[in-house]
Amino acid sequence: ATAGPRSFSAAEVRARCAQGACLVSCRGRLYDLSGFVRLHPGGEQLLRRRAGTDVSAALDGPPHRHSANARRWLEQYYVGEIEPGDEQVPPRGRAGTGLGTGYRGTRGAYTVSVRCLRTVDVEKDLVDWQKPLLWQVGYLGEKYDEWVHQPVDRPIRLFHSDFLEFLSKTAWYVVFMVWTPVVLYLSWVSYTSLAQGNTRLFSSFTTEYSIPVHKYYFPFIFLLGMILWSLLEYLIHRFVFHMKPPASNYYLITLHFLLHGQHHKSPFDSSRLVFPPVPASLVIGFFYGVLRLLLPEVLGLSVFVGGLCGYVIYDMMHYYLHYGSPKKGTYLYGLKAYHVKHHFEHQKSGFGISTRFWDYPFRTLIPEETFKKED
């Protein structure tokens, strides 16, 4: 016979908290969020609380509203049940011996007022997680869009080949180490080339009215490249990464999962949060070629290097929004909460990552009221 869920007493919960665990109770069910709490907006704030703080203070007010995906996400960390009689201990106040009082660690147990849903069993999912997923998802058909937007917390393997799998993953610092020297070198080449005074705008159409481009213009051209990248980032994220592939097209579903669906299925897979250098070099090379066709060589290179810098900032920002712990009230804290909302509740809006600017004119901003706490 299969053993039932383990039962935990209030004393055991407090003992685990004293050892540094972060435990959440929900209607008698206990969840261990020790490995995830730092990734949640506000989670780091909880960890900074001093020992002896009651639950209401540890939560910094009433719990905020969670989406259905967030509630499903919680079920992945289920560890057992609270022993009968202990689960009804009031979570607020310093008097008594509630689950949220009397712990001695910087993490603690607290109660979440969300509706507990059935456990998400990835072993009985629509795909076989023991095999590479890339060649499986195309068969999901009309079920794919709903499945890919129900996130799980586990690593994804895409390919059978170890070599291809290696090329599809990378650590965040590799992007910085590979592309930052390229940005610096191409910036120097662009500036020194402009300093020669041979670059003129519209020279291919007319020599009499062509406009000289001086070296002093380089910072502005560089900035223009960064702005153009931010717009391109938004457009790609919205119209390519978030396209809804036809349910009958196996190959478009597979392509969508390869480009971005994998990230929405497993948003905290740290090896898949930035663009690996090998495939990135192909895309970057394509955009460089386009600029070479549209602009004079040095001018196109100056715009390109600004865009490349914008890309590096974007990838670093994206990683930080998933794994960083910005201070509450800062711009990055709000951006992290905004991006988490995009993953868990508003996948069809909130496409800005390094900035929310383009969500305003394109009317894809996540409504502010979704960030308000419930009364």
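Whatever comes next refers back to the structure up there.
Thresholds applied
Residues numbered from 1 in each chain as written. Predicted model: local features only at pLDDT ≥ 70, side-chain atom pairs only at ≥ 80, totals over all residues. Heavy atoms only, no water. Phe/Tyr/Trp six-rings, centres within 6.5 Å; stacked < 30°, edge-to-face > 60°. Helix = DSSP H or I, 4+ residues; strand = E, 2+ residues; numbered from the N terminus. Buried < 20%, exposed > 50% of the residue type's maximum accessible area, 1.4 Å probe, protein only. Lys NZ or Arg CZ within 6 Å of the ring centre and 35° of its normal. Polar contact = N/O pair within 3.5 Å; in protein donor to acceptor, adjacent residues only side chain to side chain. Contact = heavy atoms within 4.5 Å. Axes fitted to C-alpha atoms, helices over the stretch in contact; angles between N-to-C directions. Parallel < 35°, antiparallel > 145°, perpendicular 65-115°, else oblique. Left-handed = near helix turned anticlockwise from the far one by under 90°. Nonpolar A, V, L, I, M, F, W, Y, C, P; charged D, E, K, R; others polar. Salt bridge = Lys/Arg side-chain N within 4 Å of Asp/Glu carboxyl O. Core = buried A, V, L, I, M, F, W, Y, C linked by side-chain atoms within 4.5 Å.

Let's shift gears to the packing of aromatic side chains. One pass over the full model with this rule turns up 21 aromatic pairs. Look at Trp 135 and Phe 159: their rings are 6.4 Å apart centre to centre, the planes differ by 70°, and that puts the pair in the edge-to-face class. Here Phe 159 lies in the loop between α5 (144-148) and α6 (162-167) and Trp 135 lies in the loop between β5 (109-111) and α5, a separation of 24 residues in the sequence. Ring geometry for Tyr 234 against Phe 362: centres 4.9 Å apart, planes inclined by 20°, an arrangement best described as stacked. With a gap of 128 residues between them, Tyr 234 in helix α8 (residues 218-241) and Phe 362 in the segment after α12 (331-344) connect regions that are remote in the sequence. Under the relative-accessibility criterion, Tyr 234 is labelled buried at 1%. Grouped by ring-pair contacts, the aromatic residues Trp 172, Tyr 173, Phe 268, Tyr 319 and Tyr 323 constitute a single cluster. Sitting above the plane of the Tyr 338 ring, Arg 356 keeps its charged end 4.9 Å from the centroid.

Here the focus is the side chain of Ser 168. The topology assignment puts Ser 168 in the loop between α6 and α7 (172-195). Within the structure, Ser 168 has its side chain in polar contact with the backbone oxygen of Glu 165 (distance 2.8 Å). Once you skip the residues sitting within four places of it in the chain, Ser 168 turns out to touch Leu 158, Phe 159, Arg 272 and Pro 276.

Between two packed helices, what matters for the description is the angle formed by their axes and the separation of those axes. Closest axis-to-axis distance for the α8/helix α11 (residues 297-323) pair is 7 Å, and the angle between their directions is 55°. As judged from the angle between their axes, α8 and α11 are oblique. Seen from above, α8 lies across α11 with right-handed handedness. Of the residues in α11, those in contact with Phe 218, Ile 221, Phe 222, Gly 225, Met 226, Leu 228, Trp 229 and Glu 233 of α8 are Leu 299, Ser 302, Val 303, Val 305, Gly 306, Gly 307, Cys 309, Gly 310, Tyr 311, Ile 313 and Tyr 314. For the contact of α8 with α11, the residue count by class is 13 nonpolar, 5 polar and 1 charged.

Bringing the pattern of salt bridges into the picture now. What the rule picks out here adds up to 4 salt bridges. Glu 165 is paired through a salt bridge with Arg 272; the nearest N and O atoms lie 2.5 Å apart. Of this pair, Glu 165 sits in helix α6 while Arg 272 sits in the loop between α9 (250-265) and α10 (277-294), and the two are 107 residues apart along the sequence. Given the relative accessible area of 5%, Glu 165 is considered buried. Arg 272 gets classed as buried once you look at its relative accessible area, which sits at 9%. Residue Arg 272 pairs with Asp 269 through a salt bridge whose shortest N-O separation is 3.8 Å. Several salt bridges converge on common partners, so that one network encompasses Glu 165, Asp 269 and Arg 272.

If you look at the biggest cluster of nonpolar residues, it comprises 33 residues, and the most contacted ones within it are Trp 179, Ile 284, Phe 304, Leu 308 and Tyr 311. Elements that contribute at least two residues to this core include exactly α7, α8, α10 and α11. Top element by residues in this core is α11. It accounts for 15 residues. In this structure, Tyr 311 is in contact with Val 175, Trp 179, Trp 229, Phe 275, Ala 280 and Ile 284, ignoring residues within four places of it in sequence. One finds Tyr 144, Val 148, Ile 156 and Phe 159 within the second-largest nonpolar core, a separate group that totals 15 residues.

With their axes 9 Å apart at the nearest point, α10 and α11 run at an angle of 145° to one another. α10 and α11 meet at a crossing whose hand is right-handed. Residues Ala 280, Ile 284, Tyr 288, Leu 291 and Arg 292 of α10 form the contact with α11, whose participating residues are Glu 297, Gly 300, Leu 301, Val 303, Phe 304, Leu 308 and Tyr 311. Its residues assigned to classes, the contact of α10 with α11 comprises 9 nonpolar, 1 polar and 2 charged.

Position of Trp 129 among the secondary structure elements: in the loop between β5 and α5. Distance from Trp 129 to Pro 155, taken between C-alpha atoms, is 9.5 Å for residues 26 residues apart in sequence.

That is the geometry; function is a separate question.
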